[in-house]
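Here is how the chains run, residue by residue.
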Amino acid sequence: MPAVTVDDILLLPRISEPDPAVAQDRPVLAVTTAPSGYEGEGFPVRRAFAGVDLRALDPFIHMDQMGEVNYAPGEPKGTAWHPHRGFETVTYMIDGTFRHQDSNGGGGLITNGDTQWMTAGGGILHIEEPPEDLVMTGGLFHGFQLWVNLPARLKMTGPRYQDIRAGQVALLSSPDGGALVRVIAGEVAGHRGPGVTHTPITLLHATLEPGARLRLPWRADFNALGYVLAGSGTVGPDRRPVRTGQLTVFGPGDVITVAAGRHSDGPRADGHNQGLDILVLGGEPIREPVAAYGPFVMNTRDELVQAFEDYQAGRLGSIPAEPHPGHDVL
């Protein structure tokens, strides 16, 4: 699981160990296992938030782990053009390559540690698909997509696209060098990630070597979730066991504790021990009614009906013309 790695983790800024005399560890409220399904044209996903109360997820709405799958030639799949309104999509690629294009002019390729951050706001159309060369050759595909809600006052904000390269994320180390932390958005121990968010959140990807422990300072006014991308370990002060495909909902406090199992589950494809790979995310709850259906996340049923009507009337944007070889597009 490459994402972003470093040659010498001990050269990175270190996250100071929270003072146990004053820090309050967040307890584990629940651990759920994500069911498997298919998205778009048929690529496999794990529904990370399935069965979890929206009040515990707020300000997040939905998250899919895409893959991990090793496609044969001709197998890679994506999504067709589709609309969104009322929230932001965050797509983080760990292995493989995905292409994004939207009706607002945003887009590009994301690969191995890159993130695309699309604010749908008042309305946008977009497509996500593997590039042609990946379809031809096949290969590893692994990432996730997160939906971040927008408050009512920002539901109709203008669309925006952020292209976050792997080299832009803030890289941190645990005090003993046993954990690498990649901060994509928000702040951890005074270090900020590159993602610019309408809704205050923190999003990071941590890789722990077997037996390593990580204690993260966390804003007390944020909720806190941890999703295991790969490996196994424990979460919380009571060391609740977790493994690949499981989501932890943490309770109140200002420290999140995660640890990797002491025994490796075997080497990864890159030759390293498995350890634990976990997404840790949280944000300031919006605490507003949520009316969600398909590609739209609004506050009321009437707003959902309006979103569908606007989409059908072409008011959410138009699909850009595709240039054809040998012809200029004016």
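In this text the structure is predicted, and so the values were computed from the model without any measurement. (Residues numbered from 1 in each chain as written. Predicted model: local features only at pLDDT ≥ 70, side-chain atom pairs only at ≥ 80, totals over all residues. Heavy atoms only, no water.)

Asks: Can you explain the overall build of the chain? Please cite residues and give values.
Replies: Across its full length, the chain holds three helices and 25 strands. In summary, the chain has a C-alpha radius of gyration of 20 Å against a globular reference of 20 Å for 330 residues, a match within 12%. Overall size of the chain, expressed as C-alpha extent along the three principal axes, is 60 × 45 × 35 Å. For the chain, with 330 residues in total, the buried portion stands at 54%. Long-range pairs, those at least 24 residues apart, make up 73% of the contacts in the chain between residues at least 6 apart in sequence. Charge centroids of the chain, computed over 25 positive and 38 negative side chains, lie 6 Å from each other. (Helix = DSSP H or I, 4+ residues; strand = E, 2+ residues; numbered from the N terminus. Rg over C-alpha atoms; globule rule 2.2 N^0.38 Å. Buried < 20%, exposed > 50% of the residue type's maximum accessible area, 1.4 Å probe, protein only. Contact = heavy atoms within 4.5 Å. Lys, Arg positive; Asp, Glu negative; His and termini not counted. Charge placed at Lys NZ, Arg CZ, Asp CG, Glu CD.)

Asks: Which residues make up the pairing of strand 14 (residues 179-185), and what values do they have?
Replies: Extensive coverage of strand 14 is indicated by the burial of seven of its seven residues. In this sheet, strand 14 lies alongside strand 13 (residues 170-173) in antiparallel orientation, the contact comprising four bridges. Of the residues in strand 14, the one forming a bridge with Ser-173 is Leu-180. In this antiparallel pair of consecutive strands, strand 13 and strand 14, the connection spans five residues, and Gly-177 shows a positive phi of 80°. (Pairing = 2+ DSSP bridges.)

Asks: For the side chain of Gln-101, give the residues involved together with the corresponding values.
Replies: Relative to the helices and strands, Gln-101 resides in strand 7 (residues 97-102). Taking relative accessible area as the criterion, Gln-101 reaches 18% and is therefore assigned buried. In this structure the side chain of Gln-101 is engaged in a polar contact, spanning 3.4 Å, whose partner is the side chain of Arg-99. (Polar contact = N/O pair within 3.5 Å; in protein donor to acceptor, adjacent residues only side chain to side chain.)

Asks: Account for the confidence of the model for the chain, with residues named and values stated.
Replies: Per-residue confidence for the chain averages 90 on the pLDDT scale, and 93% of its residues sit at or above 70. Taken as a whole, residues 265-272 scores under 50 in pLDDT and shows 14 contacts with residues more than four places along the chain or in a different chain. With pLDDT under 50 throughout, residues 323-330 is counted as low confidence; its partners more than four residues away or in other chains account for two contacts. (pLDDT = per-residue confidence, 0-100.)

Asks: Could you give an account of the sheet that holds strand 8 (residues 107-111), with specific residues and numbers?
Replies: Across the sheet, which stays open at both edges, the four strands sit in the order 5-10-7-8 with antiparallel pairing between neighbours. Since the sheet does not close on itself, it has two edges, and those belong to strand 5 (82-84) and strand 8, each with one partner. On average, each strand axis in the sheet is inclined to that of its neighbour by 30°, with strand direction left out of account. Here strand 7 runs beside strand 10 (residues 124-129); their pairing, made up of four bridges, is antiparallel. If you follow Gln-101 over to strand 10, its bridge partner there is Ile-127. (Axes fitted to C-alpha atoms, helices over the stretch in contact; angles between N-to-C directions.)

Asks: Kindly report on helix 3 (residues 301-312), identifying the contributing residues and their values.
Replies: Over its 12 residues, helix 3 runs 17 Å from end to end, which matches the ideal 16 Å to within 8%, given 1.5 Å per residue. When we look at burial in helix 3, the residues that qualify are Leu-304, Ala-307 and Asp-310. Along helix 3, the residues classed as buried sweep out an arc of 125° about the axis, all on the same side. Turned more than 90 degrees away from the buried face of helix 3, the exposed residues are Arg-301, Asp-302 and Gln-312. (Expected span 1.5 Å × (residues − 1). Arc of directions from axis to C-beta.)

Asks: Mind laying out the packing of aromatic side chains, listing which residues take part and the relevant values?
Replies: For any two aromatic rings, the description comes down to two numbers: the centre-to-centre distance and the angle of the planes. Tallied over the entire structure, the rule returns six aromatic pairs. Relative to Phe-141, the ring of Tyr-71 lies with its centre 6.0 Å away and its plane at 40°, an arrangement referred to as tilted. Here the residue Tyr-71 occupies a position in strand 4 (residues 60-71), and Phe-141 occupies one in strand 11 (residues 139-149), the gap between them amounting to 70 residues. Comparing Tyr-71 with Phe-141, the two get one shared label, buried. Between Tyr-92 and Phe-144 the ring centres are 5.5 Å apart and the planes differ by 65°, which places this aromatic pair in the edge-to-face class. Residue Tyr-92 is found in strand 6 (residues 87-95), and its partner Phe-144 is found in strand 11; the two are separated by 52 residues along the sequence. (Phe/Tyr/Trp six-rings, centres within 6.5 Å; stacked < 30°, edge-to-face > 60°.)

Asks: Talk me through the nonpolar core; I want residue IDs and the actual numbers.
Replies: Ranked by size, the top nonpolar core spans 34 residues in total, and within it Phe-49, Met-63 and Leu-146 carry the most contacts. Elements that contribute at least two residues to this core include exactly strand 4, strand 6, strand 11, strand 14, strand 17 (201-208), strand 19 (225-235), strand 21 (246-250) and strand 23 (276-283). Sequence-distant contacts of Met-63, defined by excluding residues within four places in its chain, comprise Arg-46, Arg-47, Ala-48, Phe-49, Phe-144, Gln-145, Leu-146, Tyr-227, Leu-279 and Leu-281. Residues Val-28, Leu-208, Ala-212 and Val-235 belong to the second largest nonpolar core, which totals 27 residues. (Core = buried A, V, L, I, M, F, W, Y, C linked by side-chain atoms within 4.5 Å.)

Asks: Tell me about the pairing of strand 8, and name the residues and values.
Replies: Look at any regular strand and the pattern is simple: side chains alternate between the two faces of the sheet. Note: strand 7 against strand 8, five bridges, orientation antiparallel. Residue pairing for strand 8: Thr-97 is matched across the bridge by Thr-111. The antiparallel hairpin formed by strand 7 and strand 8 contains four residues in its connecting segment, where Gly-105 sits at a positive phi of about 95°.

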